[in-house]
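Structural description and commentary
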Amino acid sequence: MGHEEVTPVVSASIDRTVEWVDTDAAGHQHNSAVMRWVEAAEAELFRQLAVPDYFPSAPRVQQIINYRSKLWFGQRITATLALEGIGRTSMTFAFEVYGHPHEKSDGGLAAYGTFTTVFVPQGAERAQPWPEHIRAALSDFGRTRSAATN
C-alpha cells in the first residue's frame, strides 16, 4: 500500500450580493469589485486563524485577475481563496469568484487569479521573514481542516 502525502488546505470563502456600488455604468461588476470580495475572503481566513496583526503588515506585491464572465447587480457570488504557497517573506494565494444563477446569467466561474503579499512589519522598509506565529497558525489551520475532511 502506497502512502500519499496530503497537502493541508488553508482556505476561506465568503458569499455576497453584487451591490450597486460594485457595478459600473453597464450594470455589471466593476473590475475592482473582484479584489474587494477576494480581500473579504482573505480577512475571513485571518479572522478564523486569530491573526489580527496580518493586515497592517501584508502589502500586495503582485496580483493577477482573469475575468471570465460578468456579474450583475443583485446576483449572489461566492469568493474563495486558498493559500498556494508560502516562502520566507512572501505568500501567494489563488482565488476564484463564482456567480450564482441570476436572471441575466447562468452563473459559474466569473474571475480567478492569484496575488502575492509580503511581510513588512511596521517601521520596516522591506520584506522580512514571516513571524513564527503566522506560520504556525497557517500550518495548524491546514492540518485541522485536512483532518476534518478525512
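Described in the following lines is the structure provided in the data block. (Residues numbered from 1 in each chain as written. Predicted model: local features only at pLDDT ≥ 70, side-chain atom pairs only at ≥ 80, totals over all residues. Heavy atoms only, no water.)

**Section: unusual backbone geometry**
Note: most peptide bonds trans; most residues except glycine with negative phi. Its identity as a non-glycine residue notwithstanding, Ala 50 has a phi of 60 degrees, on the positive side. Here Ala 50 is to be found in the loop between helix H1 (31-48) and strand E2 (60-67). A relative accessible area of 60% places Ala 50 in the exposed class. (Helix = DSSP H or I, 4+ residues; strand = E, 2+ residues; numbered from the N terminus. Buried < 20%, exposed > 50% of the residue type's maximum accessible area, 1.4 Å probe, protein only.)

**Notes on the environment of Ala 124**
Residue position: Ala 124 is located in the loop between strand E5 (108-118) and helix H2 (132-149). Residue class for Ala 124 comes out partly exposed when judged on its relative accessible area of 28%. For the pair Ala 124 and Ser 57, spaced 67 residues apart in sequence, the C-alpha separation works out to 9.5 Å.

**Some details on the packing of aromatic side chains**
With the rule as written, the count across this model stands at eight aromatic pairs. Measuring from centroid to centroid gives 6.4 Å for Phe 46 and Phe 55, while their planes differ by 80 degrees, and the two rings are edge-to-face. Relative to Phe 93, the ring of Phe 46 has its centre 6.4 Å away and its plane inclined at 75 degrees; by these criteria the two rings are edge-to-face. Here Phe 46 is found in helix H1, whereas its partner Phe 93 is found in strand E4 (residues 90-99), with 47 residues between them in sequence. Residues Phe 46 and Phe 93 agree in their burial class; the two are buried. Members of the aromatic cluster, joined through ring pairs, are Phe 46, Tyr 54, Phe 55, Phe 93, Phe 115, Phe 119 and Trp 130. (Phe/Tyr/Trp six-rings, centres within 6.5 Å; stacked < 30°, edge-to-face > 60°.)

**Thoughts on the sheet that holds E4**
The five strands lie next to each other as E1-E3-E4-E5-E2, forming an open sheet whose pairing is antiparallel. Because the sheet does not close on itself, it has two edges, and the strands there are strand E1 (11-17) and E2. Averaged over all neighbouring strand pairs, the angle between strand axes comes to 15 degrees, with direction disregarded. Examined bridge by bridge, strand E3 (residues 76-86) and E4 share nine bridges and lie antiparallel to one another. Bridge pairing links Ile 77 to Gly 99 in E4. Running over the sheet, H1 touches E1, E2, E3, E4 and E5 and is turned about 130 degrees from E1. (Pairing = 2+ DSSP bridges. Axes fitted to C-alpha atoms, helices over the stretch in contact; angles between N-to-C directions. Contact = heavy atoms within 4.5 Å.)

**Notes on the environment of Phe 93**
Of the residues examined, Phe 93 reaches a relative accessible area of 0% and is grouped as buried. Along the primary structure Phe 93 and Thr 117 are separated by 24 residues, whereas in three dimensions their C-alpha atoms are 8.4 Å apart. When neighbours within four sequence positions are excluded, Phe 93 is seen to be in contact with Leu 45, Phe 46, Tyr 54, Leu 81, Ala 82, Leu 83, Glu 84, Gly 113, Thr 114, Phe 115 and Thr 117.

**Quick notes on the pattern of salt bridges**
Following the criterion strictly, the structure yields four salt bridges and no others. Arg 36 is the salt-bridge partner of Asp 22, the closest N and O atoms lying 2.5 Å from each other. Taken together, the residues Asp 22 in the loop between E1 and H1 and Arg 36 in helix H1 connect sequence positions 14 residues apart. Close ionic contact of Arg 47 with Glu 44 constitutes a salt bridge, the shortest N to O distance being 3.4 Å. One end of the pair, Arg 47, and the other, Glu 44, are both in helix H1, three residues apart, so they sit about a helical turn from each other. By relative accessible area, which is 53% here, Arg 47 ends up exposed. Here Glu 44 falls in the partly exposed class, since its relative accessible area comes to 24%. One salt-bridge network, in which partners are shared between bridges, spans Glu 39, Glu 42 and Arg 60. (Salt bridge = Lys/Arg side-chain N within 4 Å of Asp/Glu carboxyl O.)

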